[in-house]
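The lines below spell out each chain.
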Amino acid sequence: MGNPSISSSKSKKMEEEEGLKSIGESEKPPEDDCCPICFGDFSIPCKTNCGHWFCASCILQLWRFRSTLQRCKCPICCRPISKLVPEASLLIQQEKDVIELLKKIECYNHLYIGGAYGVFLKVLAIPLLTRRILRSVMDGLMNPDQIRLNYYLMRILALLLSWIYCSCQLKFIPTGGLGIWRLFDLCAIFMVAIFSLAGLYQRWVLRRRVRQLAILPAQPY
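Rules used throughout
- Residues numbered from 1 in each chain as written.
- Predicted model: local features only at pLDDT ≥ 70, side-chain atom pairs only at ≥ 80, totals over all residues.
- Heavy atoms only, no water.
- Helix = DSSP H or I, 4+ residues; strand = E, 2+ residues; numbered from the N terminus.
- Contact = heavy atoms within 4.5 Å.
- Areas by Shrake-Rupley, 256 points an atom, 1.4 Å probe, with all protein chains shown as cover.
- Phe/Tyr/Trp six-rings, centres within 6.5 Å; stacked < 30°, edge-to-face > 60°.
- Buried < 20%, exposed > 50% of the residue type's maximum accessible area, 1.4 Å probe, protein only.
- UniProt positions renumbered as here; feature names shortened; annotations may be inferred.
- Pairing = 2+ DSSP bridges.
- Axes fitted to C-alpha atoms, helices over the stretch in contact; angles between N-to-C directions.

By the naming in an unreviewed UniProt entry, the chain goes by RING-type domain-containing protein and is assigned to Nicotiana attenuata.

This part covers the overall build of the chain. The helix and strand inventory of the chain stands at seven helices and three strands. Counted from the first residue to the last, the chain has its helices and strands arranged as α-β-β-α-β-α-α-α-α-α. Partitioning the contacts of the chain with sequence separation of at least 6, the portion at a separation of at least 24 is 50%. Accessible surface computed for the chain: about 15,900 Å², of which carbon and sulfur atoms make up 63%.

Below, the discussion takes up the packing of aromatic side chains. Taken as a whole, this structure holds four aromatic pairs when the rule is applied. Note on Trp-63 and Tyr-108: the rings are 5.0 Å apart at their centroids and 90° apart in plane angle, and the pair reads as edge-to-face. Of this pair, Trp-63 sits in helix 2 (residues 56–64) while Tyr-108 sits in helix 3 (residues 96–111), and the two are 45 residues apart along the sequence. Relative accessible area serves as the criterion here: at 7%, Trp-63 is assigned to the buried category. For Tyr-108, a relative accessible area of 1% gives the class buried.

This brings us to the UniProt feature "transmembrane region" (unreviewed entry) in the chain. The UniProt feature table records "transmembrane region" (unreviewed entry) at residues 111–130, 151–173 and 179–201. Between the end C-alpha atoms of residues 151–173 there is a gap of 23 Å, over a span that is 74% helix and 0% strand. With 96% helix and 0% strand, the stretch residues 179–201 has end C-alpha atoms that lie 33 Å from each other.

On to the pairing of strand 1 (residues 45–48), then. Pairing of strand 1 with strand 2 (residues 53–55), which is carried by three bridges, proceeds in the antiparallel orientation. From the neighbouring strand, Pro-45 faces strand 2, where its bridge partner is Cys-55. Counting the residues in the hairpin turn of strand 1 and strand 2 gives four residues, including Gly-51, whose phi is positive at 95°. Bridge analysis of strand 1 against strand 3 (residues 84–86) gives three bridges, and the strand direction is antiparallel.

We now examine the sheet that holds strand 3. The three strands lie next to each other as 2-1-3, forming an open sheet whose pairing is antiparallel. The open sheet has two edge strands with one neighbour each: strand 2 and strand 3. Across the sheet, the mean angle from the axis of one strand to that of its neighbour is 40°, orientation sign disregarded. Here helix 2 sits on the sheet and contacts strand 1, strand 2 and strand 3; the angle it forms with strand 2, its principal contact strand, is near 85°. Along the sheet, helix 3 makes contact with strand 1 and strand 3, crossing strand 3 at roughly 155°.

Quick look at the environment of Leu-160 now. Within the fold, Leu-160 resides in helix 6 (residues 147–167). Relative accessible area serves as the criterion here: at 44%, Leu-160 is assigned to the partly exposed category. Between the C-alpha atoms of Leu-160 and Phe-184, which are 24 residues apart in sequence, the distance is 9.6 Å.

In structure tokens form, the structure reads like this:
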């Protein structure tokens with residue numbers, strides 16, 4: 001009869017190997033699946049906290065072009081994505097593109113960590129947050145569906161600037177017979193019109209690209 005302690009150690013070792021194997025398999029995307037965003041093979045795959053796999057570049061681009069500063073929502077289950085976990089094998093690769101995407105994933109994860117450490121990381125990410133705030137403001141100004149809101153906001157801003165100009169007794173802007181308030185008001189209306197036209201053009205370009213992509217599969221090769 002064999003030594004029971006040796007057999008028990010062997011069984012524990014086998015269990016540990018099976019556990020590591022299952023963990024390794026769970027950290028890989030399904031082989032018969034594709035990215036739900038680009039519908040292609042996974043390129044630098046990463047897993048969300050809700051359990052879905054995406055290409056790292058696809059999910060980060062989806063988050064980057066959102067007009068809000070909130071967490072990106074999963075395109076499949078609509079749950080907020082608070083953490084992106086790249087495939088385990090990517091952590092040992094040295095390719096420049098992989099390293100750059102891993103840094104972007106780490107930056108995304110840092111933005112949504114709670115507690116004092118999360119606040120510290122958000123302070124370090126102020127340049128990124130500033131760019132996203134500016135982009136959010138520009139997206140709002142170029143949204144044709146809220147032209148009335150933009151019109152009132154720009155007129156309020158014009159009123160505020162004209163009050164500051166008069167309070168500081170500045171006289172470096174030639175107003176002619178319009179007056180400073182009327183000049184700023186006309187400039188605000190002009191800017192709203194320009195941003196709205198730019199937003200309409202941008203929407204037209206996006207719809208045109210969508211139509212072109214929709215008819216591509218039907219073209220003969």
